[in-house]
Amino acid sequence: MESQNSFVDEALLKRVPRWSKYLEAKLGFRNHWYPVHLSRDIEEAQVVSVTVCGEEILLKRVDGKVKAIRDRCLHRGVKFSEKVECYTKDTITCWYHGFTYKWDDGRLCDILAAPDSKAIGRRGIKSYPVQEAKGLVFVFVGDDDVKVPPLAEDVPPTFLDEDMSVHGAIYDVDSNWRVGAENGFDGLHVYIHRTAELVSNTQRSLPIGHLSDSAKVEIIDAQGGPKGVYDLFANHVSVWEGKVDGKTVITGTKRVSDKPTRTTAASIWLPCVLRVDNFPDQEITQFEWYVPVSADKHLYVMTVGKRVSSEEDRAAFEHEFQSRWKPIGFEGFNAQDIAARVALQKYYRNDSSWLDEMLIEGDAPIIRWRELCQQHARGVQKPEHM
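One structure accompanies this document, and this report is about it. No experiment lies behind these values; they were computed from the predicted model shown. As a convention, each chain's residues are numbered from 1 in the sequence order in which they are written. Thresholds applied to this predicted model are a pLDDT of at least 70 for local features of residues and 80 or more for the giving and counting of side-chain atom pairs; totals over whole chains, interfaces and linings are not thresholded and use all residues. Note that water and hydrogens are dropped before the side-chain values are worked out from all heavy atoms of the structure.

A separate point is the overall build of the chain. Think of it this way: any DSSP run of H or I at least four residues long counts as a helix, any run of E at least two long counts as a strand, and we number them from the N terminus. Per the secondary structure count, the chain includes seven helices and 20 strands. All radius of gyration figures rest on C-alpha atoms, and the globule criterion is 2.2 Å times the number of residues raised to 0.38. Relative to the 2.2 N^0.38 estimate, which gives 21 Å for 386 residues, the radius of gyration of the chain is 23 Å and therefore close to what a compact globule would have. For the chain, the C-alpha atoms occupy an extent of roughly 80 × 60 × 35 Å along the three principal directions. Whether two residues are in contact is decided by their heavy atoms: any pair within 4.5 Å suffices. Counting contacts in the chain only where the partners sit at least 6 residues apart, residues at least 24 apart contribute 62% of the total. All accessible areas in this document rest on Shrake-Rupley with a 1.4 Å probe, and a residue is counted as covered only by the protein chains that are shown. Total accessible area computed for the chain in this model is approximately 17,800 Å², and 48% of it derives from carbon and sulfur atoms. Only four residue types enter the charge count: Lys and Arg as positive, Asp and Glu as negative, with His and the chain ends excluded. One atom stands in for each charge, and that atom is NZ of Lys, CZ of Arg, CG of Asp or CD of Glu. Charged side chains of the chain number 50 positive and 58 negative; the gap between the two group centres comes to 2 Å.

Pasting the structure below:
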């Protein structure tokens, strides 16, 4: 039985006191920024619906800026998105009884079917802070009385750098967001990528596993900055040969070259974002979010960034993204990750599985991530917030 005050059985939470908040966060962490859409896919006056941490939200671009409100009328609880009615650019009207709200702050400003109601001007639906950066629309999901932190505190270092050109795509994945996050940060999971076309396409080295030195995994938690776990691959022991009964049955790809051919580091940051340095190729960084949608679904927000010094560089990288990194990386290499997460979800959908798992030495960075979330996540999203 679950406690009335908990989303997860209290008995399970007590067994993992160092990361109980993480175990409870099936719907993600509250009071954080999340990327929910590509900016280019929301045109002026267009209304789109998204679900973040279980909260159903409507987005609309008004005079160039994206606004966000709860997709639910106060009156009888129907969703605006069932039949969108916007009679002015800055309002939305419920199709059922004509309750009309401002996009800026969610205030109930008119009721078309009852224009003299005393409720007008006294109530409102929830509105959400929105910020656009690097081609992504970010929404802050949290409590009304919480001071909204700068976006820079919820994205990895370098992502917002002025000279960082970023391109991306978003995919739906049928697994919990934590399964996605741990798949990305798992040093042993490179085993599933040994057949990926990207390995030969980039002429890179790829072991079948690499083990971190847990004593050298760095925790980044300075006040006022992003909170994350940084794992430098120079501290890893790479495994190039897989053996059964002493016989080599599989090998990694090891190349000798004058130029670097390896990813150099991976780091994971609150609330749910991974940064991979020098991947999918040298001088490129992959930033990817695992945005909670429900207990068994997340948005896989994938981006790659490269430093540029001119508009010509930006255009060249955009072409490179569309012609190479999106098909070879996102739809090839990372598709293997998606398949692995869907398989993992069959096990981890049960809360008790998070305690029944058998982690080993190479999984130490994952435990550090769970503990970081325990210490620095600003809140746990629960069903009553939906």
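With that settled, consider the pattern of salt bridges. Between Lys or Arg on one side and Asp or Glu on the other, a salt bridge is scored when a side-chain nitrogen of the former is within 4 Å of a carboxyl oxygen of the latter. Across all of its chains, the model carries 27 salt bridges by this definition. Note that arginine 30 is salt-bridged to glutamate 55, the shortest N-O span being 2.8 Å. Taken together, the residues arginine 30 in the loop between helix 2 (20-24) and strand 1 (32-38) and glutamate 55 in strand 3 (residues 55-62) connect sequence positions 25 residues apart. Of the charged contacts in the structure, one is a salt bridge between aspartate 154 and arginine 378, with a shortest N-O distance of 3.0 Å. Of this pair, aspartate 154 sits in the loop between strand 9 (136-141) and strand 10 (164-173) while arginine 378 sits in the segment after helix 7 (364-376); the two residues are 224 residues apart in sequence, bridging distant segments of the chain.

Its location among the elements puts serine 205 in the loop between helix 4 (197-201) and strand 11 (209-211). The classification of residues rests on relative accessible area computed with a 1.4 Å probe and restricted to protein chains. Under 20% of the type maximum is buried, over 50% is exposed, and intermediate values are partly exposed. By relative accessible area, which is 3% here, serine 205 ends up buried. We call two N or O atoms a polar contact when they sit within 3.5 Å, provided that within protein one can donate a hydrogen and the other can accept it, with sequence-adjacent residues counted only if both atoms are side-chain atoms. Here the side chain of serine 205 touches arginine 255 through a polar contact of 2.9 Å, landing on its backbone nitrogen. In contact with serine 205, not counting residues within four places along its chain, are Trp240, Thr253, Lys254, Arg255, Thr261 and Arg262.

Each strand in a sheet pairs with its neighbour through backbone hydrogen bonds, running either in the same direction (parallel) or in the opposite one (antiparallel). Two strands qualify as a pair provided DSSP detects at least 2 bridges between them. Read from one edge of the open sheet, three strands run 1-9-8, paired in antiparallel fashion. The outermost strands of the open sheet, each flanked by one partner alone, are strand 1 and strand 8 (130-133). Neighbour to neighbour, the strand axes of the sheet diverge by 35° on average, direction disregarded. Pairing between strand 8 and strand 9: four bridges, direction antiparallel. The partner of glutamate 132 across the bridge, within strand 9, is valine 137. Between the N-to-C directions of two axes lies an angle of 0 to 180 degrees, each axis being a line fitted to C-alpha atoms and, for a helix, fitted only over the stretch in contact.

Let us now look at the nonpolar core. Here the nonpolar core consists of buried residues drawn from Ala, Val, Leu, Ile, Met, Phe, Trp, Tyr and Cys, with membership extended through side-chain atoms lying within 4.5 Å. Residues Phe29, Leu59, Trp289 and Trp369 are the most contacted members of the largest nonpolar core, which totals 84 residues. Leu58, Cys73, Val78 and Ile125 belong to the second largest nonpolar core, which has 13 residues in total.

Here we come to the environment of glycine 64. One can find glycine 64 in the loop between strand 3 and strand 4 (65-70). For glycine 64, a relative accessible area of 37% corresponds to the partly exposed category. Remark: the alpha-carbon pair of glycine 64 and valine 141, spanning 77 residues in sequence, is separated by 22 Å.

Counting buried positions along helix 3 (residues 177-185) yields nine of nine residues, so the element is predominantly enclosed. The set of residues buried in helix 3 consists of Trp177, Arg178, Val179, Gly180, Ala181, Glu182, Asn183, Gly184 and Phe185.

Residue proline 271 is bonded to the preceding leucine 270 through a cis peptide linkage, with omega at 5°. Within the secondary structure, proline 271 is located in the loop between strand 17 (265-269) and strand 18 (273-277). For the peptide bond that leads from phenylalanine 279 to proline 280, omega is 10°, which places it in the cis range. Phi angles above zero are rare outside glycine, and alanine 45 is one such case at about 75°. By the secondary structure assignment, alanine 45 is in the loop between strand 1 and strand 2 (47-52). The phi torsion at glutamate 283 lies on the positive side, around 70°, for a residue other than glycine.

For strand 17, the buried fraction is high: five of the five residues fall into the buried class. The two faces of strand 17 match: Ala265, Ser267 and Trp269 on one face and Ala266 and Ile268 on the other face are all buried. Bridge count for strand 13 (residues 228-232) against strand 17 is five bridges, and the pairing is antiparallel. Its bridge partner lying in strand 17, tyrosine 230 is registered against serine 267. Between strand 17 and strand 18, which pair antiparallel one after the other, the connecting turn spans three residues.

Our next topic: the pairing of strand 16 (residues 247-251). Note: strand 15 (residues 241-244) against strand 16, four bridges, orientation antiparallel. The residue bridging lysine 243 from the neighbouring strand is threonine 248, located in strand 16. Hairpin connection of strand 15 to strand 16: two residues between the antiparallel strands, including aspartate 245 at a positive phi of 55°.

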